[in-house]
Amino acid sequence: MAVKQDLRTPIVSVMGHVDHGKTTLLDRIRGSTVAEGEAGAITQHIGATEVPIDTIVSKCGNPALRDKFMVPGLLFIDTPGHHAFTSLRSRGGALADLAIVIVDINEGFMPQTIESLQILKRFKTPFVVVANKIDRIHGWEPQKNAPFIVSYNKQSERVKTELDRKFYEVVGELYNAGFNSERHDRVSDFQRNIGIIPISAVTGEGIADVLMVLLGLAQRFLEGNLHYDASVPGVGTVLEVKEEKGLGATIDVILYDGNLKKGDMIVVGSLGKPLHTKVRALLKPRPLTEIKSEEKFQQVQSVTAAIGVKISAPNLDSALAGSPVRVVTPETVDAISEEILNELEEVQIDTDALGITIKADTIGSLEALVNELKKEKIPIRKATVGDISQRDVVEVAAIEDPFYNVIIGFNVKVLPDAKDKVQSTEIKLFLSDVIYRLIDDYKDWAKEQKE
Ligand code: GDP
Ligand code: MG
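Because the structure is a prediction, the values reported are computed rather than measured.

**A few points about the pairing of strand β4 (residues 73-77)**
Thought 1: Most of β4 is tucked away: five of the five residues are buried.
Thought 2: Residues Gly73, Leu75 and Ile77 point to one face of β4 and Leu74 and Phe76 to the other, with burial holding for every one of them.
Thought 3: One ladder, built from two bridges, connects strand β1 (residues 11-16) with β4; its direction is parallel. Counted as the bridge partner of Val12 is Phe76 from β4.
Thought 4: The pairing of strand β3 (residues 48-52) with β4 spans five bridges and is antiparallel.

This is how it looks when you write it as structure tokens:
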């Protein structure tokens, strides 16, 4: 048996096209393990769900596997989509260690499927593809929560053939995207081939396979990255800045190294200079069994990576989603603030004198959008994080070149007063949560203008 080491829980993100089943898959992973209960129930974090190794292994019906894996479990980030990849880790890189790309086997690849794969390629993140909704195949006989192969073997020849046909379309599409792939139970080298797992997020078929393959990937590719030290000052990433009744601005954080205590001094990336503050409270969701309680959250004294937690502290209003959070001491505060400032400046974008204006929800997604626009040689006047404000609109309206009376917004809202303002101007707004759609729409529009 391998020597047990202190490996932290790998962080997993679920990506894929809208309606292909991200939320249902996360619910299924949560739901089925909650229902099983006994073997160390799952823990609900802020922004994440932790499934312990014992639960995963018991789902797979082979307790001997317990000794094979050294990670304590898997931490699924509840925010599906790009968020985990556009939220930066300190020193660059993605917040998620592993990913699931989900694709509806009946629909095949769509723009966000391809975009997810490109992001994963850029960050060199190990991932598995899940071919979802196999229960929709005509004639499918559902086998609730069965491993894929058990369920497959119970289907008629006709249904098997139909599944295989759809499955190889996914293989073909992955090949076009630059990846060799094979059904997960036939992959012998996950370095060379991406595993594809046929599942149904509704019937639970194949879910055990997903958990096992993720553990295998963690073990195979991440061991070196998962060592951590519970005694070092905490390091994390802001997933969201949220206003909470009675608390003011709070930040939802994934802590991926070290520990964090009530009373700690922290530095958080912000729009200007990084902000300093002192942790007033560390909050986690109250267990469902205590729904009678008025309070949504319960306080904890300290937390250790990897974990999702809400931080309540003064002055968090200007915190920036996607930016680093670090625990500091009076001795380290200046050096660490400087480091965070440098990291944020690295992604801060050099802009052109004249060009379009872009807004995005996180610092990482802004960087991704800017990269793509640069590839297309589209000039950018200003690129900032946040919703589209009245000030943005006024600035852009003042530009005299009609090609640049444009605001592109990725995953952002138009604030109400800005909405009114837009109507009285010639400004063209492009809003989407798919980068490629924004760029294509802008290019189509610019072409039309030229004609
Ligand atoms: P998301 O947009 O990727 O989060 O997709 P959702 O999880 O919201 O799923 C979109 C729709 O597909 C919902 O109506 C789900 O019930 C349905 N759905 C998701 N997974 C499955 C599946 O495995 N089988 C079937 N039949 N429906 C599914
Ligand atoms: Mg969803």
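**Let's talk about the site of ligand 1**
Thought 1: Around ligand 1 sit 15 residues, and of these Asp19, Lys22, Thr23, Thr24 and Asp135 come closest.
Thought 2: Here an oxygen atom of ligand 1 and a side-chain polar atom of Asn132 are 3.0 Å apart.
Thought 3: At a separation of 3.0 Å, an oxygen atom of ligand 1 approaches a polar side-chain atom of Lys133.
Thought 4: Protein chains bury 74% of the 580 Å² of accessible surface belonging to ligand 1 in isolation.
Thought 5: Considering every element that reaches the shell around ligand 1, the biggest residue donor is helix α1 (residues 22-36), with three residues.
Thought 6: Residues belonging to the shell around ligand 1 are distributed by class as follows: three nonpolar, seven polar and five charged.

**Points about the packing of helix α10 (residues 390-397) against helix α11 (residues 416-423)**
Thought 1: At a minimum axis distance of 8 Å, the contact between α10 and α11 shows a crossing angle of 25 degrees. Classified by the interaxial angle, the pair formed by α10 and α11 is roughly parallel. On α11, the residues touching Gln390, Val393 and Val394 of α10 are Asp417, Ala418, Lys421 and Val422.
Thought 2: Of the residues that constitute the contact of α10 with α11, the class distribution is four nonpolar, one polar and two charged.

**Examining the side chain of Asp104**
Thought 1: Its place among the elements puts Asp104 in strand β5 (residues 98-104).
Thought 2: When its relative accessible area of 4% is taken as the criterion, Asp104 is described as buried.
Thought 3: Reaching out from Asp104, the side chain makes a polar contact with the backbone nitrogen of Asn106 at a distance of 2.8 Å.
Thought 4: In contact with Asp104, other than residues within four places in its own chain, are His20, Asn132 and Lys133.

**Some remarks on the sheet that holds strand β22 (residues 428-432)**
Thought 1: Overall, parallel pairing links the four strands, which are arranged β20-β19-β21-β22 in an open sheet. One side of each edge strand has no neighbouring strand; the edge strands of this open sheet are β20 (380-385) and β22. Across the sheet, the axes of successive neighbouring strands diverge by a mean angle of 15 degrees, strand direction being ignored.
Thought 2: Against the sheet, helix α9 (residues 363-375) engages β19 (356-360), β20 and β21 (406-410), with an angle of about 145 degrees to β19.

**So, a negative patch on the surface**
Thought 1: A grouping of Asp440, Asp441, Asp444, Glu448 and Glu451 is seen on the molecular surface, where their side chains present a negatively charged patch.
Thought 2: Tracing the backbone shows Asp440 in helix α12 (residues 435-450).

**Some remarks on the sheet that holds strand β17 (residues 307-312)**
Pairing between sheet strands relies on hydrogen bonds along the backbone, with the strands arranged either parallel or antiparallel.
Thought 1: If you walk across this open sheet you meet the eight strands as β13-β12-β18-β9-β10-β17-β14-β15, and the pairing is antiparallel. Both edges of this open sheet fall to β13 (275-278) and β15 (297-300), since each of them pairs with a single strand only. The average undirected angle you get between the axes of adjacent strands in this sheet is 40 degrees.
Thought 2: In this structure, strand β14 (residues 281-285) lies alongside β17, joined through three bridges in antiparallel fashion. Bridge pairing in β17 places Leu282 opposite Ile311.

**Structural notes on the environment of Lys450**
Thought 1: Mapped onto the elements, Lys450 comes out in helix α12.
Thought 2: Given a relative accessible area of 67%, Lys450 falls into the exposed group.
Thought 3: As for Lys450 and Phe403, which are separated by 47 residues in sequence, their C-alpha atoms are 9.2 Å apart.

Conventions we followed
- Residues numbered from 1 in each chain as written.
- Chains lettered and ligands numbered in written order.
- Predicted model: local features only at pLDDT ≥ 70, side-chain atom pairs only at ≥ 80, totals over all residues.
- Heavy atoms only, no water.
- Buried < 20%, exposed > 50% of the residue type's maximum accessible area, 1.4 Å probe, protein only.
- Helix = DSSP H or I, 4+ residues; strand = E, 2+ residues; numbered from the N terminus.
- Pairing = 2+ DSSP bridges.
- Near = heavy atom within 4 Å.
- Polar contact = N/O pair within 3.5 Å; in protein donor to acceptor, adjacent residues only side chain to side chain.
- Areas by Shrake-Rupley, 256 points an atom, 1.4 Å probe, with all protein chains shown as cover.
- Nonpolar A, V, L, I, M, F, W, Y, C, P; charged D, E, K, R; others polar.
- Axes fitted to C-alpha atoms, helices over the stretch in contact; angles between N-to-C directions.
- Parallel < 35°, antiparallel > 145°, perpendicular 65-115°, else oblique.
- Contact = heavy atoms within 4.5 Å.
- Patch = residues over 30% accessible without salt bridge, like charges linked within 9 Å, V, L, I, M, F, W, Y side chains within 5 Å.
- Salt bridge = Lys/Arg side-chain N within 4 Å of Asp/Glu carboxyl O.
- Lys, Arg positive; Asp, Glu negative; His and termini not counted.
- Charge placed at Lys NZ, Arg CZ, Asp CG, Glu CD.

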